[in-house]
Amino acid sequence: MQPDTDAMAPLTLGDLDLTTDEFILDEVDSKSFSNIRMEGMLSGFQSDLSSISSEIQTLQQQSVSMSVRLKNRQAVHSHLSQLVDELVVPGAMIHPVTEQEFLEQLHELNNKINFAKELSFRETLACSDIQDIVDHLKIKAVTKIREFILQKIYSFRKPMTNYQIPQNTLLKYSTTTIIFFYQFLLANERTVAKEIRDVYVDTMSKIYYSYFKSYSGRLLKVQYEEVADKDDLMGVEDTAKKGFFSKPSLKSRNTIFTLGQRGAVLSPAELEGPILIPHTAQRGDCRYPYETLFRSQHYALLDNGCREFLFLSDFFMVAGNSALDLFNSVMGKTLSLFLKSMSTYVSDCYDSIAVFLCIHIILRFRAITTKRAIPALDKYWEAVLELLWPRFELILEMNIQSICNTDPQKLGVLDTRPHYITRRYAEFSSAIVSINQTFTSERTHTLLGQLQVEVENFVLKMAAEFPSRRDQLIFLINNYDMMLNVLMERAADDSKEVEGFQQLLQARSQEFIEEILSSPFGGMIAFVKASEALIEKGQLDRLKNDEAQITQLIRGFTSTWKQSVEALSQDVMRSFTNFKNGTGIIQGALTQLIQYYHGFHKVLSQPTFRSLAVRSELINLHHLMVEVKKHKPNF
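Residues numbered from 1 in each chain as written. Predicted model: local features only at pLDDT ≥ 70, side-chain atom pairs only at ≥ 80, totals over all residues. Heavy atoms only, no water.

In the annotation of an unreviewed UniProt entry, the protein is listed under the name Vacuolar protein sorting-associated protein 52 homolog and assigned to Oncorhynchus mykiss. The Subcellular location (unreviewed entry) comment attached to the protein in UniProt states, word for word, "Golgi apparatus, trans-Golgi network". (UniProt positions renumbered as here; feature names shortened; annotations may be inferred.)

Colleague: Which residues make up helix α16 (residues 442-463), and what are the values?
Modeller: Two residues of an α-helix separated by three or four positions point the same way, owing to the 3.6 residues in each turn. Relative to the 32 Å expected for 22 residues at 1.5 Å per residue, α16 spans 32 Å between its end C-alpha atoms, a close match to the ideal helical length. Residues T444, L447, L448, L451, Q452, V455, F458, V459, M462 and A463 constitute the buried set of α16. In a view along the axis of α16, the buried residues occupy a sector of 150 degrees, so they form one face of it. Buried residues along α16 sit against α13 (352-371), α14 (378-404), α15 (420-435), α17 (469-490) and α18 (496-537). (Helix = DSSP H or I, 4+ residues; strand = E, 2+ residues; numbered from the N terminus. Expected span 1.5 Å × (residues − 1). Buried < 20%, exposed > 50% of the residue type's maximum accessible area, 1.4 Å probe, protein only. Arc of directions from axis to C-beta. Contact = heavy atoms within 4.5 Å.)

Colleague: Tell me about the side chain of S434, and name the residues and values.
Modeller: Among the secondary structure elements, S434 is positioned in helix α15. S434 gets classed as buried once you look at its relative accessible area, which sits at 18%. Separated by 2.8 Å, the side chain of S434 and the backbone oxygen of A431 make a polar contact. Discounting chain neighbours no more than four positions away, the residues touching S434 are L259 and R490. (Polar contact = N/O pair within 3.5 Å; in protein donor to acceptor, adjacent residues only side chain to side chain.)

Colleague: A description of helix α21 (residues 621-629) should follow, citing residues and the corresponding values.
Modeller: Buried within α21 we find L621, L624, E627 and V628. Mapping the buried residues of α21 onto a view down its axis gives an arc of 120 degrees, with all of them on the same face. Of the exposed residues in α21, those oriented more than 90 degrees away from the buried face are H622 and K629. N-cap assignment for α21: the residue whose side-chain oxygen lies 2.9 Å from the backbone N of H622 is N620.

Colleague: How would you explain the packing of α14 against α16 if you had to name every residue and give the values?
Modeller: Orientation of α14 relative to α16, taken along the N-to-C sense of each, is 15 degrees, at an axis distance of 9 Å. Looking at the two axes, α14 sits roughly parallel to α16. With respect to the hand of their crossing, α14 and α16 are arranged in left-handed fashion. Contacts between α14 and α16 involve W389, F392, E393, L396, E397, I400, I403 and C404 from the former and R443, T444, L447, Q450, L451, E454, V455, F458 and K461 from the latter. Residues that form the contact of α14 with α16 fall into these classes: 10 nonpolar, two polar and five charged. (Axes fitted to C-alpha atoms, helices over the stretch in contact; angles between N-to-C directions. Parallel < 35°, antiparallel > 145°, perpendicular 65-115°, else oblique. Left-handed = near helix turned anticlockwise from the far one by under 90°. Nonpolar A, V, L, I, M, F, W, Y, C, P; charged D, E, K, R; others polar.)

Colleague: Which residues make up a nonpolar patch on the surface, and what values do they have?
Modeller: Together, F45, L49, I52 and I56 give the surface a local cluster of nonpolar side chains, amounting to about 400 Å² of exposed area. Judged by its relative accessible area of 44%, I52 falls in the partly exposed class. (Patch = residues over 30% accessible without salt bridge, like charges linked within 9 Å, V, L, I, M, F, W, Y side chains within 5 Å. Areas by Shrake-Rupley, 256 points an atom, 1.4 Å probe, with all protein chains shown as cover. Salt bridge = Lys/Arg side-chain N within 4 Å of Asp/Glu carboxyl O.)

Next up, the structure:
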């Protein structure tokens, strides 16, 4: 059975007749419809896009406009809010409750006052709305500040009040926030600021004057009862002031020519130590030299002066010449009181060491104020020095003249020991030189040089009173040695005074050695010197006939030199008050003796004397040196 091939065969494009009109029309109609619909869709989409673009442009314009308006509003808001904040007076400012709130509101009020002044120049109408309130608050604040400060100042005036306590309270405020008090017054009510300043100046001027006048008066009650007078000069003899009713007063009188412990007042520990309490000293029956009282008085002035100057500069906000003028307004009466008191003391003072110590106290206090950068007392320091320096120089010149006028014949019994006038000079000169080392003064060196010349002349005049040259030399050596030792204790070894007396002592000691050797060994020494002179001239043969003299010299030395050396040593030790000095002279004498005996050996070894039999009796030089060493004193 065959399949139905016609029914089962698939339809292909070739089998269709696409060229028929019916098929072509149907296809065209279908495509036209699709194109029309697509065109409509595209037209609608284009219209929607145009609408969206215009809306975006509109929104963009609106955004820019809103941004500009926002910036304008913000700018206006910032200016207006600041203006409003500056102009608005809060209730807390009108009725501050605590002191801290008052301080805070005072700062804010000051800002509003300054802001209102600034706006008033611009003729801002809003200022007139708050002007009355601000003025009222300003008056109220000025009144409260005035009452507060005046109350503190008036508290200084209470009897037995330590004014530094309330002053420190003000200073504490002034260095933190209430320095603004006076600044506020100065900016807003100058008359009140001037009133406070005048009241403070008047109050503190009286307080300082009263305090220092009372303190200075009480200090004088603990001064030594006896002070130096016109008779207490270096060249005045000890017997000048002795009378029937005179008696020594060692407890209540300070030394005049000796520094002793008085120089301790210049040590840093005592210079800036606590001031003296007069009533405590009186209870302990203590007495002090003038320079100690002077130090205490002026250290109190320095301490209070520096404190006051800093307070005035901080609290009243002044500097430079204005600060100095204000300080002088406060301390002027007190400083005048000090200068008047100093002038009275200086006019009748004859204690040159006290005056010189006061000078150096002022020099050191001036250095302290310079280090602290406090110029307030500079002119006062200069004024005090102008009082003290001329007086010191006058007293020194009086002492020089007193020595120049001294008559040795009126000074009592002659004594080879150190004279009391030279001891006075030595103590005084060493004191001045030691004090003068820190702040040197050429004028002082010149006057000390003049004094030294007069003392040297005095020692020579006194020595001339002794009949023998030996006693004259002992007197000179004792005095030179004493003055040199005292000077070397305080003065530098290279000082002019020390070098001068060293040369004098050395020269007179050498002369004394020759003097004491001439008595037991004079023949031998003369022979050696004469022989050495002839040897230099080549004329030694002139002594070849002096065999008898040479024999006598050799045998005499051999038999007596030990006893002579022993007697010489004892005599020297009795003659000099300084054991060390006497020992040095003995050693010098023995050394010189050996040198002479060595020269004697050399002369006798010359051809002219070699044939002398007595040469065998000469003592061996080495043996002599060994024996001589036994006579040197040990110490």
